[in-house]
Amino acid sequence: MLLIECPWCGPRAESEYRCGGESPIVRPADPAATDDAAWADYLFYRDNVKGLSFERWHHRFGCGLWFNIARDTVSHRILAIYGITDPRPVLGPGA
Amino acid sequence: MSGYRLERSGDIDRSRPINFRWEGRSYTGFAGDTLASALLASGVRMIGRSFKYHRPRGLIAAGLDEPNFIVQLERGAGTTPNLKAPYVELYDGLDAAPVNAWPSLRFDLLAANSIFKRFIPAAFYYKTFMWPTWRLFEPLIRKAAGLGASPKLPDPDCYEQTSAHIDVLIVGGGIAGLAAAQHAAMSGKSVMLVTGGRHWGGRLAGTSDSVEGKPAAVWIKDMLRTFTAMPNVTLMTRTLATGHFDHGMVSLCERLTDHMPIHERSGPRQRFWRVRADALILATGAIERPLVFRGNDRPGIMLAGAARAYLHRHAVVAGREIVVATTNDSAWYAAFDLAEAGATIVAIIDTRPSPSPALVERAEALGIMVHASMAPTEAIGRQTVRAVRIGCVSSAGRIHGATQTLPCDLLLMSGGWNPAVHLHSQGAGRLKFDPGLSSFIPEAESSGHRIIGGAAGDFARYSTLAAAPEQAVTRRPGPPQAALWSISESDVPDAEAWVDFQNDVTAGDIALAARENFRSVEHLKRYTTLGMASDQGKTSNVNGIGILSTLLAKSIEAIGTTKFRPPYDPIPFGLLAGHRIGDGLRPRRQLALHDWHVGRNASFEEYGGWMRPAAYLRPGESEADAVRREVLAVRTEVGIFEASPLGKIEVKGPDAAAFLDLMYVNRISTLKPGRCRYAIMLSENGTVFDDGVVTRLTDDHFLVGTTSGHAAIITEAFREWLQCEWTTMRVLVEDVTTCWAVANVVGPQTRSVLDTLASDIDFSADAFAHMTAQRGYIGGIPARVARVSFTGELSYEIAVPWRCAGALWETLIAAGSSHGIVPFGVEALMTLRIEKGFLHIGADTDGTTLPQDIGLGAIMAKKTQDFVGRRSAHRPDGLRGDRRSFVGLEATDGNAAPLAIGAHILPAGTTQPQPGEGWVTSSTWSPTLGAPLALAMIERGEKRIGENVRVWDLGAWREARITRACRYDPQGTRLDV
């Protein structure tokens, strides 16, 4: 079970959280002007990363905060935790 | 009968005899015994039948690696299957039976399988029972091959769950674990040391081996005494580490009462621990490998280390005439100890050409014959071993030359030791094959934990003790262990030499699998079931991989191991469930006035997690009668309904209106304060997600109504949008559903009831229009009142603080009594809304319903801004002309029974079932119209009003006509009062 550091509450067990999948997913600014393929890409298509994955998590049974995590999907190591509107951190090869 | 008890020694209390039953017969052991040690001391040899061939089997191990002695403990609801007898502590009245013998151990009918063994090799069942279907044979085969019976009744025991956060967790109570704990504790850190069994000291418990210059028993006792003075050390026996999970979490199973007589037990049976430690040290020891030779599964053949453990822990000598066969030094010490305890050691057979001279010298001093370069090639005997045939063996396990036979009643074997790397491996630690030890050992760098002692492949006492305080994983080279994966008199592995005792897999089965090209170890495992039994191959995996490696002429390193998975040993489901059973799994919520409803003989049903009255039954009434009466009362007089579960979310802030415009199909920002609007919400995928009434309380403050049981989900969705997408909007969202209890007063007489209340609210038509809301006081209680209707009748929803619900309700019932006010339940409400054709999200809609399917196309077209789901509703599939739409359905066949919900709708004239055009979504008998009514989703339904269709359900046809959804008061005149 992962131990996830909520930026607000500190380290808590994975069972308190919900994973919201890849992050960020940018909602097209003008949906009406977005063609079907681009809209489907926004709705459905996600990277299925083996290795470094950027995803958003929700402290559902805690403070309710959404935040971002950089996680290695192989080792489950959490390499960075950052705010929901922060840019993806640049992680060096040693990370 | 050959095992016996010594007069002295052992960690047992001879003054406390314990009576127990095995296979229906009475036996006596002592306090400190396990079921295995007590039966061994009683001379019982055959303790089970094998899984597949029902061969007689005996005890081979002294721990959880035991593959044969698997028992069903106790009977009835508290029965537990598949316990390993060496781990079952004896208690007075214990009642155990073998799991795989029918009708009895001695006379097992299915032992006939054994005679036909050569016809039922690996995968035989899958290959043979293919026609007409495997399922036909499966139940019979499962009965024949069963391991234990699961209880048929609810578990009478309770289980506890808890967590611990500590500095250092040490798993394993052998000398490595004790020494590591001592070192960690001296630094002042909090230390938890757990061991699965009852005793400390692991394999050295009870021995006279020297540890740091003291006899082991004294060293262990001294160590434990040191810990009692250290409050930072927690010692836990009977606590098995069952799993090692991501980010270092370790699960423990603490057995609290399993060792007590049943009538003395109280409280939880077991406790499940989730432990997170800054440092994890694994000192889980090692597991001895059996030797693989013909007939090696006969009762009376044991692991040498196990015989030594039974001797020292329980003062049991497992046999009288003993032959010891080994590939390494460890079994020699078992022979010496047993000889010193008075047993006759017939011979020590060592496969190595030149065992250490010191060992040979000591053997000779004890009068033990030594045969080097030799191995057992066949165990002779049937229900117990009578003799062993031995011969000269090559390093590859091939017997050559003449053989000789040695009589014996106990054959001890040791094929070397495998580090118990299970927890290391579960925790994503990698393994490497060590050619010196011929075992898989942990790779130090690959994990975040330390692993010491036998678990690290470090079998030397002095180096284990030295390793305990060190920071990194260490391993000192001990004496090498030669690999001898299987012994055979021919070039191929012996088909009667057992590798996996519990799953009945032989060396011949592995050869068969290799011949059939199952070369990956994962395929081999599944094809032969090697290592798939409840012991997960503790004694068999490495031998199996070794044999495969020889057959394929491929290195063991290249073959690798199968994956280790938790739990290390099976644990009860109840332990994992803990308190989350029955109502503890998913608490059922009660209404504010639950007791009142109970007093009115309500029949309760669960709706969206709430226990709500379906109907209030009067004496002699069926539920259908009650629903009919309640519906008519609402249509003609006045009814009252508790609507407290109705979702209520407050949305507040300068951007609240703009935010709700994004959330709803309907325009919310144009709503004036004090007014209500029915609105529909979509998911971003475009499908209908929720509906409810939105009330604008003030300019920047809204009360959002959701369907019952959906409020938490909608609140969460709102917050996700606000936190992740529209992050600059200034809006606060709070679910207040259970802050407000709601009484809904409905029916033409409603106003006459409300007018009699002591209230500052004017309920008249002029002062309180339909779809408006007001705040005020009713009988001194603060109330939020909305005039909204889900029934088509005059209706006021009165929300008051939850704690005031009783007072309000009594006031309303008193005020309504002269008008014959009738409480009504959810079923009546559903009938009323079906009569009106009001949509019920989740009943009439599903995960494919788009807003245009339920008549919202025009509203969408009119709204100029974007909202969640809008774009998705206009994908090509949403624009199809033949989409289903929401309509009504009336039966035209004169049959008064309502149409079946879910029934298929087909064109008129259809006589054969064919792809349908839609289905019935809601259906009821309408007391108001005196006819069955239904709602349905039908292809182009909107354009087919008046058309006849056929309705098919489970082979029966009905005739019906498509109508508008609303069948009662379509003009809404009843609201216009």
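Not measured: the values here are computed from a predicted model. The residue numbers shown here count from 1 along each chain, following its written sequence. Throughout, the order in which chains and ligands are written sets their labels, letters from A for the former and numbers from 1 for the latter. Per-residue local features are limited, in this predicted model, to residues with pLDDT of at least 70; the limit for side-chain atom pairs, both in listing and counting, is 80 or more; totals at the level of whole chains, interfaces and linings are taken over all residues.

Novice: Quick question: what am I supposed to make of the overall build of chain A here?
Specialist: A tally of regular secondary structure across chain A gives one helix and six strands. Listed by position from the N terminus, the elements making up chain A come as β-β-β-α-β-β-β. Residues classed as buried in chain A amount to 11% of the 95 residues present. Placing C-beta atoms from the backbone, we regard two residues as in contact once those atoms come within 7 Å. In chain A, of all internal contacts separated by at least 6 residues, the share reaching a separation of at least 24 is 46%. A run of DSSP states H or I qualifies as a helix once it reaches four residues; a run of E qualifies as a strand once it reaches two. Both are numbered from the N-terminal end. Exposure is read from a count of other C-beta atoms within 10 Å of each residue's own; the residue is exposed at 12 or fewer, buried at 20 or more and partly exposed in between. C-beta atoms are placed from the backbone.

Novice: Where do I start with the overall build of chain B in this structure?
Specialist: Scanning chain B from terminus to terminus reveals 24 helices and 52 strands. What you see for chain B is a C-alpha radius of gyration of 38 Å, clearly larger than the 30 Å of a compact globule of 977 residues, by over 25%. For chain B, the spread of C-alpha atoms along the principal axes amounts to about 115 × 70 × 55 Å. Out of the 977 residues in chain B, the part that is buried amounts to 51%. Expressed as a percentage of contacts within chain B between residues at least 6 apart in sequence, the contacts between residues at least 24 apart total 64%. Computation of the radius of gyration draws on C-alpha atoms alone. For the globule rule, the value is 2.2 Å times the number of residues to the power 0.38.

Novice: Help me understand the packing of helix α7 (residues 304-314) of chain B against helix α8 (residues 330-340) of chain B, please; the structure alone is not making it clear to me.
Specialist: Any two packed helices are characterised by how steeply their axes cross, that is the angle between the axes, and by the distance between the axes. Residue and element names in this part refer to chain B. Axis definition: a line fitted to C-alpha atoms, limited for helices to the stretch in contact. Angles are taken between N-to-C directions and run from 0 to 180 degrees. The geometry of α7 relative to α8 is characterised by a closest axis approach of 8 Å and an angle of 35° between their N-to-C directions. Viewed along their axes, α7 and α8 form a crossing whose handedness is left-handed. For the pair α7 and α8, contact is made by A304, G305, A307, R308 and L311 and by S330, A331, Y333, A334, D337 and L338, respectively. Residues are grouped as follows: Ala, Val, Leu, Ile, Met, Phe, Trp, Tyr, Cys and Pro are nonpolar; Asp, Glu, Lys and Arg are charged; every other residue, Gly included, is polar. Along the lines of polarity and charge, the residues of the contact of α7 with α8 split into seven nonpolar, two polar and two charged. Each helix crossing is assigned a hand: it is left-handed if the near helix lies turned anticlockwise from the far helix by less than a right angle, otherwise right-handed if that turn is clockwise.

Novice: Help me understand the confidence of the model for chain B in this model?
Specialist: Note that predicted coordinates carrying low pLDDT should not be read in detail. This prediction gives chain B a mean pLDDT of 92; 94% of its residues lie at or above 70. Model confidence for the complex is summarised by a pTM of 0.89, with the ipTM given as 0.97. One confidence number per residue, pLDDT, is output by the predictor and ranges from 0 to 100.

Novice: Honestly, the environment of B:E947 in this entry has me stumped. Any pointers?
Specialist: Residues and elements named next belong to chain B. Within the element layout of this structure, E947 appears in the loop between β50 (931-939) and β51 (948-953). For E947, a count of 16 C-beta atoms within 10 Å corresponds to the partly exposed category. Taking the C-alpha atoms as reference points, E947 and I962, separated by 15 residues in sequence, lie 5.5 Å from one another. Non-local contacts of E947, meaning those with residues more than four positions away in its chain, are made with R961 and I962.

Novice: Just to check I follow, could you spell out helix α22 (residues 805-816) of chain B for this structure?
Specialist: Given 3.6 residues per helical turn, the α-helix brings residues three or four places apart onto the same face. All names here are of chain B. One fewer than the residue count of a helix, multiplied by 1.5 Å, yields its expected span. End to end, α22 covers 16 Å across 12 residues, agreeing with the expected 16 Å (1.5 Å per residue, within 8%). Those residues of α22 not exposed but buried are A805, L808, W809, T811, L812, A815 and G816. Projected onto a plane normal to the axis of α22, the buried residues spread over an arc of 160° and lie on a single side. Arc definition: directions from the helix axis to the C-beta atoms.

Novice: Sorry if this is basic, but what is going on with the pairing of strand β9 (residues 159-171) of chain B here?
Specialist: In regular strands, side chains alternate between the two faces of the sheet. Residue and element names in this part refer to chain B. Summarising the sheet, β9 and strand β16 (residues 270-282) pair through 12 bridges and their orientation is parallel. In the strand pairing of β16, E160 is matched with R271. Strands qualify as paired when DSSP identifies two bridges or more between them. Bridging between β9 and strand β10 (residues 191-194) involves four bridges; their strand directions are parallel. Across the sheet, residue V171 finds its bridge partner in β10, namely V194.

Novice: Mind showing me how you'd approach the nonpolar core here?
Specialist: As a rule of thumb, soluble globular proteins bury nonpolar side chains together. All names here are of chain B. If you look at the biggest cluster of nonpolar residues, it comprises 164 residues, and the most contacted ones within it are V324, A335, L411 and L412. Ignoring anything within four residues of it in the chain, the contact list for L411 reads G300, I301, V323, A325, P376, A379, V385 and V388. Counting 115 residues, the second largest nonpolar core, distinct from the first, contains A626, A633, F824 and A960. Take the buried Ala, Val, Leu, Ile, Met, Phe, Trp, Tyr and Cys residues, join any whose C-beta atoms are within 7 Å, and the set you get is a nonpolar core.

Novice: Can you walk me through the sheet that holds strand β22 (residues 369-372) of chain B in this structure?
Specialist: Sheets are built from strands paired through backbone hydrogen bonds, the pairs being either parallel or antiparallel. Residue and element names in this part refer to chain B. With respect to topology, five strands assemble into an open sheet ordered β18-β26-β20-β21-β22, the strand pairing being parallel. With partners counted over all chains shown, the strands left at the sheet margins are β18 (301-303) and β22, one partner each. On average, each strand axis in the sheet is inclined to that of its neighbour by 20°, with strand direction left out of account. Relative to β22, strand β21 (residues 344-350) runs parallel, the two being bridged by four bridges. What sits directly across from I348, in β22, is V370.

Novice: Before we go on, may I ask you to explain the domain arrangement of chain B in this structure?
Specialist: A common way to state how big an interface is: give the accessible area lost once the parts meet. Residue and element names in this part refer to chain B. Along its sequence, chain B is carved into domain 1 (9-151), domain 2 (157-288 + 416-479), domain 3 (291-414), domain 4 (490-571) and domain 5 (838-854 + 863-976). Facing 16 residues of domain 1, the contacting portion of domain 4 comprises 17 residues. Along the lines of polarity and charge, the residues of the side of domain 1 that touches domain 4 split into 10 nonpolar, three polar and three charged. Source of the domain bounds: an automatic or database domain assignment.

Novice: Would you mind showing me how to read the interface of chain A and chain B here?
Specialist: Listed as interface residues are 17 residues of chain A and, on the opposing side, 20 residues of chain B. When residues in the side of chain A that touches chain B are grouped by element, the largest group, three residues, is from helix α1 (residues 36-43) of chain A. The residue inventory of the side of chain A that touches chain B, partitioned by class, reads nine nonpolar, five polar and three charged.

Novice: I tried to follow the environment of B:Q481 on my own but got confused; where do I start?
Specialist: Residues and elements named next belong to chain B. Among the secondary structure elements, Q481 is positioned in the loop between α11 (461-467) and β31 (498-500). Sequence separation of Q481 and G416 is 65 residues, and the distance between their C-alpha atoms is 6.1 Å. Those residues in contact with Q481, other than ones at most four positions away along the chain, are T327, N328, G416, W417, L437, S438 and S439.

Novice: Just to check I follow, could you spell out the sheet that holds strand β48 (residues 904-907) of chain B for this structure?
Specialist: Residues and elements named next belong to chain B. The strand order around the closed barrel formed by six strands is β47-β50-β49-β48-β51-β52, and the pairing between neighbours is antiparallel. For this sheet the average axis-to-axis angle between neighbouring strands, irrespective of direction, equals 45°. With seven bridges connecting them, strand β47 (residues 884-891) and β50 associate as antiparallel partners. Across the sheet, L889 pairs through a bridge with A934, a residue of β50. Against the sheet, helix α23 (residues 826-836) makes contact with β49 (918-926) and β50, and its axis sits at roughly 115° relative to β49, the strand it touches most.

Novice: Explain the packing of helix α12 (residues 507-515) of chain B against helix α13 (residues 521-528) of chain B here, please?
Specialist: Residues and elements named next belong to chain B. Relative orientation of the contacting elements α12 and α13 amounts to 120°, with a least axis distance of 10 Å. Viewed along their axes, α12 and α13 adopt a mutual orientation that is oblique. Crossing angle aside, the handedness with which α12 passes α13 is right-handed. Between α12, through D509, I510 and A513, and α13, the contact on the second element is made entirely by L524, Y527 and T528. Classifying every residue of the contact of α12 with α13 by side-chain character gives four nonpolar, one polar and one charged. For this classification, under 35 degrees means roughly parallel, over 145 means roughly antiparallel, 65 to 115 means roughly perpendicular, and everything else is oblique.

Novice: I keep staring at the environment of B:R751 and nothing clicks. Help me out?
Specialist: All names here are of chain B. By secondary structure assignment, the location of R751 is in helix α21 (residues 750-754). Residue R751 is classed as partly exposed on the basis of its 18 C-beta neighbours within 10 Å. A C-alpha to C-alpha distance of 9.0 Å links R751 and Y796, two positions 45 residues apart in sequence. Excluding residues that lie within four positions of it along the chain, R751 makes contacts with F763 and L794.

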